[in-house]
Amino acid sequence: MIKFDNLSLEQILSGDSEIIPIMTSAEEDDQAVQNETYPPVLPLLPLRNMVLFPGVIMPVSVGRPSSIKLVEECEKNGGILAVSTQIDARVENPVQKDIYKTGVVARILKTFRMPDGSYTAILQGRRRMDVEAVVETVPYLRASIVLRDEINTDTDTSEFAAILDEIKETMRKLSSENAQMSSEMIFAMENMKNRKFLVNFISANMTLPVEQKYELLCLDDVRQRGLTALRFLNFELKRAALR
């Protein structure tokens, strides 16, 4: 079983631990991401029923033969890939029309081979990107990408702090109503210092339809992302109260 904790990224990459963090040192990571460059064409991994956000670490099940090949080759060549969510998770061999345009450049931190031959890949979102065109489909998807910048929002204001406080309070209330919301996730939320990363972390881990998570990913302003996430959370809280 893969466990989650707040270990350092260095411990994962060194292979010294089987424990994977649900958060990283976001202050350091922000600066590192700004200095990174990526090839204009990357392997493209379609995701089912999940949306990855910048800075967030998530385990992804990789079972399709083409996706297994992608992960194996990508891991040998630096581990950088593009990730985007399928519009319809039932499509077995997605092409460009089956994949949302906006996704993220991601990094493979570690892979675990499963007994059935599939993988669990631990991915960390880096920067948002748009899929410009799928340029290859065999042996797996490769796409030309364009990095997508975010609006430079001041997250140190009292208004932004108030938005986050309300989001966290609503998440606490939902956790008491929803058994699917893990105590590890709430613990991570309470201990995050980077406000931008906190919004992305909550956006990725909220129990929401994929369409709503994708709407959050597409917002260029992290303040607007936080406000929209809060609106979605309040709606879910009302639904929970009616059950």
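Residues numbered from 1 in each chain as written. Predicted model: local features only at pLDDT ≥ 70, side-chain atom pairs only at ≥ 80, totals over all residues. Heavy atoms only, no water.

## Some remarks on the overall build of the protein
The test is simple: Numbering of helices and strands starts at the N terminus; helices are DSSP runs of H or I of at least 4 residues and strands are runs of E of at least 2. The buried label applies to any residue whose accessible area, calculated with a 1.4 Å probe on protein chains only, is under 20% of its type's maximum; exposed applies above 50%, and partly exposed to all values in between. We call two residues in contact when some of their heavy atoms are within 4.5 Å.
Along the protein, the regular secondary structure elements total eight helices and eight strands. Going through the 243 residues of the protein one by one, you find that 50% of them count as buried. Taking contacts inside the protein between residues at least 6 apart in sequence as the whole, the part at least 24 apart equals 65%.

## Comments concerning helix H5 (residues 183-191)
Formally: Directions are taken from the helix axis to each C-beta atom, and the arc is the one they span.
Within H5, burial applies to Met185, Ile186, Ala188 and Met189. Summarising the axial view, the buried residues of H5 lie within an arc of 160 degrees, below the 170-degree limit, and thus occupy one face. Where H5 is buried, its residues meet helix H4 (158-177) and helix H6 (195-205).

## Notes on the nonpolar core
Nonpolar side chains in soluble globular proteins tend to be buried together. The criterion, for reference: Among the buried residues, those of types Ala, Val, Leu, Ile, Met, Phe, Trp, Tyr and Cys that are joined through side-chain atoms within 4.5 Å form a nonpolar core.
Leu81, Leu123, Phe201 and Ile202 are the most contacted members of the largest nonpolar core, which has 54 residues in total. Beyond its immediate sequence surroundings of up to four residues, Leu123 is in contact with Leu45, Leu52, Val56, Ile57, Met58, Val60, Leu81, Val83, Arg107 and Ile108. In terms of nonpolar packing, the next biggest core, distinct from the first, is built from 12 residues, Val33, Leu44, Leu141 and Ile145 among them.

## Observations concerning the packing of H4 against H6
Stated formally: Lines fitted to C-alpha atoms define the axes, with helix axes restricted to the stretch in contact, and inter-axis angles between N-to-C directions lie between 0 and 180 degrees. Left-handed is the label given to a crossing in which the near helix is rotated counterclockwise from the far helix by less than a right angle, and right-handed is the label when the rotation is clockwise. Just so you know the grouping, Ala, Val, Leu, Ile, Met, Phe, Trp, Tyr, Cys and Pro go in nonpolar, Asp, Glu, Lys and Arg go in charged, and all remaining residues, Gly too, go in polar.
Where H4 meets H6, the axes come as close as 11 Å, and the angle between the chain directions of the two elements is 35 degrees. Crossing hand, H4 versus H6: left-handed. Across the interface between the two elements, Phe160, Ala161, Leu164, Ile167, Lys168 and Met171 of H4 pack against Arg195, Leu198, Val199 and Ile202 of H6. The residue inventory of the contact of H4 with H6, partitioned by class, reads eight nonpolar, no polar and two charged.

## Digging into the pairing of strand E3 (residues 41-47)
Put simply, the rule reads: Pairs of strands are assigned from DSSP output, requiring at least two bridges between the strands.
With six of its seven residues buried, E3 lies for the most part within the structure. Where E3 meets strand E5 (residues 80-85), four bridges bridge the pair, whose relative direction is parallel. Following the sheet pairing, Leu44 is matched in E5 by Ala82.

## Thoughts on the pairing of strand E6 (residues 102-113)
On a regular strand, each side chain points to the face opposite its neighbour's, so the side chains alternate between the two faces of the sheet. Buried residues dominate E6, accounting for 10 of its 12 residues. Strand direction decides the pairing type here: E5 and E6, joined by four bridges, are antiparallel. In the sheet register, Ile80 faces E6, and the bridge partner there is Arg107. Hairpin connection from E6 to strand E7 (residues 119-136): five residues lie between these consecutive antiparallel strands, with Gly117 at a positive phi of about 95 degrees.

## Considering the side chain of Thr170
Residue placement: Thr170 occurs in helix H4. Its relative accessible area of 5% is what places Thr170 among the buried residues. Those residues in contact with Thr170 that sit more than four places away from it in its chain are Leu230, Leu233, Asn234 and Leu237.

## Side note on helix H7 (residues 210-218)
What sets the pattern is the α-helix's 3.6 residues per turn: residues three or four places apart point alike. Every buried residue of H7 is accounted for by Val210, Lys213, Tyr214, Leu216, Leu217 and Cys218. Next to the buried residues of H7 lie E5, E6, E7, H6 and helix H8 (222-242).

## Section: the pattern of salt bridges
Our working rule: We count a salt bridge whenever a side-chain nitrogen from Lys or Arg sits within 4 Å of a carboxyl oxygen from Asp or Glu.
Using the criterion set out here, one finds 19 salt bridges in the structure. The shortest N-O distance in the salt bridge between Arg148 and Asp130 comes to 3.4 Å. Remark: Asp130 occurs in strand E7 and Arg148 occurs in the loop between strand E8 (142-147) and H4; sequence separation between them is 18 residues. For Asp130, a relative accessible area of 16% corresponds to the buried category. Lys196 is the salt-bridge partner of Glu150, the closest N and O atoms lying 3.7 Å from each other. With Glu150 in the loop between E8 and H4 and Lys196 in helix H6, this residue pair connects regions lying 46 residues apart in the sequence.

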